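# Descriptive structure summary
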Amino acid sequence: MISLTSPIETPYHGLPAGQKLLVLCAFTFAIFLTSRLDAHLAAVAFVSGVHLGAGIRFTLLAARRLLPVWPFLAVVILWHIATDDLVGGTVISIRLVATIGLANLVTMTTRLDDLADVFKTLLVPFERIGIRLDGLEMAIALVLRFTPLLLQRGTMLVEAWKSRSRRHPSWRIVFPLTLLAIDDAERVSEALQARCRAEREGRSWHVS
Amino acid sequence: METILEGVSYVRDRKKVLDGVSLSLTDRRIGVVGRNGSGKSTLARLICGLIKPTSGKIRVNGIDVWRDRKNAVETVGIVFQNPDHQIIFPTVSEEIAFGISQLGHSKRDARERALQTLSRFGHETWADRAIHTLSQGQRHLVCLMSVMAMRPAVIVLDEPFTGPDLPTIMQLHRHLHSLDVSQILITHDISALAGFDRVVWLDRGRIRRDGEARAVLEEFRTEMERLGRSDDFADFAD
Amino acid sequence: MYRDLAYIALFAALIAALGIIPKITLASGVPITAQSLGIMLCGTVLGARRGASAVMLFLFLVALGLPLLAGGRGGLGLFASPSAGYLIGFPVGAFIAGTVMERWKARSVVAAAFVAALVGGVFVVAAFGTAGMAITLDKSIPEALLLALPFIPGDMLKATAAAAITAFLARNRPESVLSRG
């Protein structure tokens, strides 16, 4: 599966993932503490500068990634025009663009594996509330393997629908798709049982 | 039945899956052979109007199958390879009635006609059976019935014999033989095309041979055996 | 257990696949993305713990930068956007839906599944979504609710779909409905 890491190399690709996440968290936290316009302008200037430091092509790519935010920005601006608080609306819009932009930057300049390592470390405390972390590697591999397959099946079902109807497929497509997912789950669990050596019965998923 | 392709090309992921294909198909039973990855499945989907040609024109009985979905759906039917990837509804009669109802018939009418279709094939008892209780071969037949219930002028069969066991293949053969509808059979199994009128051989998106079935199949078989004796595995994905 | 792992992974894949296939239409003619239907199914079919795990696995991969959210979206930016509340609400909603399915021993699977999907998949998710929008858009809760409300009717229809699918599985593939296992 293709991740959203940018193919355009930047100086930030080499920075450690943990550091980038820390900066992102600090930045996001700080910006929520203030509602001053000048602070926000400085923030967006910072984020823009960081992007431009990696080149125009990269900045344009990043800008494209911000397109899905447009509807929210539109709502905010219109709302604040209606309530005669354009400054407030600008502050919110800038904050959205800056935080999402910086977060996207981390995604675009960090390899999947590196981010995964950091996240796994962060998840360790959650084991106390019952979240199992052993098997996470296997689970990720399975999702990456089966999402495209299920997609293909979904597409085939959509084709089977469209070959007999000119209407858009109805939600009923989810029935056979769910069955296919369950069939795969059963087959996978058999395959795992056949290939994995459990250290303690039913506790570990270490692959042999 | 008249299926016409004029200079049809199809590009996906910057790869030319079909390149300048022109065909005039009026025979009753037409086979399309080729190695996996030659563009056969794409051709099948283009003829049904499920995908849009990158360039060129496709007309089935004068209908632009991509633009005119209403008439396309009535005229061309398609049966895909794996029944589990194309059966949408949980019971046999629902699956068969679906296409009919999409043609504009009421639900009751559609069920009536579905039952008639089941009778024609001699399987009235299957009407309310759950699909998952049927064998693979029986599911194949349900797919065929679902398409035939719509009384198309031509059906396209995309590798119907890849997968089922021999008895099922033989039964499907017999059914197809007895059907009064034009058939375009996509397969890499030469024996499935015995008795066919015309065969088109697709090779890497282009027509390599197009003519009388026996002659083309003979050439195709020779070439496949020659390739089999060499050590090159095909290096293009389906 | 391998079976748990396989189901969790496959349902996470199912959520992803449902986000990518083209919009489907409900009986009312409204085109929607089926992804939140996947969230509901995680709860009603897999139960609380497994269902929430499946959704969190999905979110984990989205956070890593895989474009698995409907519309090909992904990455950390989503967790800073106004939709972040919804994302956080997803696993909680699946957990609550699963809890309802597991605890309420109603004779009718469809009724239990509908209530489960409605409470967990619609209301809990909407609550988190509203909170998220309130925070990121700097609005009060009632104001944010105005933004969340239009999606509720569509989501309620999805809950009926989730109930129908769960009931279907309970009838035809009972061993797969882990929430009632």
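### Topic: the interface of chain A and chain C
Taken together, the contacts link 58 residues of chain A with 54 residues of chain C. Breaking the side of chain A that touches chain C down by element, the ones donating at least two residues are α1 (17-33), α4 (70-82), α5 (86-108), α6 (112-123), α7 (136-162) and α8 (174-195) of chain A. The element that contributes the greatest number of residues to the side of chain A that touches chain C is α7 of chain A, accounting for 12 residues. In terms of residue class, the side of chain A that touches chain C is made up of 39 nonpolar, 17 polar and two charged.

### Comments concerning the interface of chain B and chain A
In this complex, chain B contributes 18 residues to the contact, which on the side of chain A involves 16 residues. For the side of chain B that touches chain A, the elements supplying multiple residues, two or more each, are α2 (69-75), β6 (76-79) and α3 (92-102) of chain B. Of the residues belonging to the side of chain B that touches chain A, the class tally is 10 nonpolar, five polar and three charged.

### Quick look at the environment of Val109 of chain C
Residue and element names in this part refer to chain C. Position of Val109 among the secondary structure elements: in helix α5 (residues 109-136). Residue classification places Val109 among the buried positions, given that 21 C-beta atoms sit within 10 Å. Between the C-alpha atom of Val109 and that of Asn172, which follows or precedes it by 63 residues, the distance is 13 Å.

### Some thoughts on the packing of α6 of chain A against helix α3 (residues 48-64) of chain C
Relative orientation of the contacting elements α6 of chain A and α3 of chain C amounts to 130°, with a least axis distance of 9 Å. Here α3 of chain C runs oblique to α6 of chain A, going by the angle between their axes. Of the two elements, α6 of chain A crosses α3 of chain C, and the hand of that crossing is right-handed. Contacts between α6 of chain A and α3 of chain C pair Leu112, Leu115, Ala116 and Phe119 of chain A from the former with Phe60, Ala63 and Leu64 of chain C from the latter. Taken together, the residues that form the contact of α6 of chain A with α3 of chain C break down as seven nonpolar, no polar and no charged.

### Details of the sheet that holds strand β8 (residues 182-186) of chain B
Residues and elements named next belong to chain B. Pairing is mixed across the open sheet formed by six strands, whose spatial order is β6-β7-β8-β3-β9-β10. A single partner strand is all that each edge strand has here, and the edge strands are β6 and β10 (206-212). Each strand of the sheet is rotated relative to its neighbour by a mean of 15°, with strand direction disregarded. Where strand β7 (residues 154-158) and β8 come together, five bridges link them in parallel fashion. Paired with Leu157 across the two strands is Leu185, which belongs to β8. Helix α1 (residues 40-48) contacts β3 (29-33), β6, β7, β8 and β9 (198-203) of the sheet and is inclined by roughly 155° relative to β7. On the sheet, helix α7 (residues 213-229) packs against β3, β9 and β10 and is oriented at approximately 135° with respect to β10.

### With respect to α7 of chain A
With 27 residues, α7 of chain A should reach 39 Å at 1.5 Å per residue; the first-to-last C-alpha distance of 38 Å fits that figure. A maximum bend of about 30° is found in α7 of chain A at Phe146 of chain A, where proline Pro148 of chain A lies one to four positions downstream.

### So, the sheet that holds strand β4 (residues 55-60) of chain B
All names here are of chain B. Read from one edge of the open sheet, four strands run β2-β1-β4-β5, paired in antiparallel fashion. Only two strands of the sheet have a single neighbouring strand rather than two, namely β2 (15-25) and β5 (63-64). Bridging between strand β1 (residues 3-12) and β2 involves seven bridges; their strand directions are antiparallel. Residue pairing across strands places Thr3 opposite Leu25, the latter belonging to β2.

### Considerations on the pairing of β7 of chain B
Residues and elements named next belong to chain B. Within β7, five of the five residues are buried, which leaves the element mostly enclosed by the surrounding structure. By the alternation rule, side chains of β7 split into Val154, Val156 and Asp158 and Ile155 and Leu157, which are all buried. One ladder, built from four bridges, connects β6 with β7; its direction is parallel. In the strand pairing of β7, Val79 is matched with Leu157. Chirality of the crossover, the property in question, places the unit of β7, helix α6 (residues 166-178) and β8 among those that are right-handed.

### Some details on the packing of helix α2 (residues 37-52) of chain A against α5 of chain A
Residues and elements named next belong to chain A. Taken N-terminus to C-terminus, the directions of α2 and α5 make an angle of 30°; their axes are 9 Å apart at the nearest point. Considering their axes alone, α2 and α5 lie roughly parallel with respect to each other. The hand of the α2/α5 crossing is left-handed. Residues Leu37, His40, Leu41, Ala43, Val44, Val47, Val50 and His51 of α2 touch α5, and the partners they reach there are Val87, Thr90, Val91, Ile94, Arg95, Val97, Ala98, Gly101, Leu102 and Leu105. The residue makeup of the contact of α2 with α5, split by class, is 13 nonpolar, four polar and one charged.

About the cut-offs
- Residues numbered from 1 in each chain as written.
- Chains lettered and ligands numbered in written order.
- Predicted model: local features only at pLDDT ≥ 70, side-chain atom pairs only at ≥ 80, totals over all residues.
- Contact = placed C-beta atoms within 7 Å.
- Helix = DSSP H or I, 4+ residues; strand = E, 2+ residues; numbered from the N terminus.
- Nonpolar A, V, L, I, M, F, W, Y, C, P; charged D, E, K, R; others polar.
- Buried ≥ 20, exposed ≤ 12 C-beta atoms within 10 Å, placed from the backbone.
- Axes fitted to C-alpha atoms, helices over the stretch in contact; angles between N-to-C directions.
- Parallel < 35°, antiparallel > 145°, perpendicular 65-115°, else oblique.
- Left-handed = near helix turned anticlockwise from the far one by under 90°.
- Pairing = 2+ DSSP bridges.
- Expected span 1.5 Å × (residues − 1).
- Bend = angle between axes of the 7 residues up to and from the residue.
- Right-handed = clockwise from strand over helix to strand, strands pointing away.

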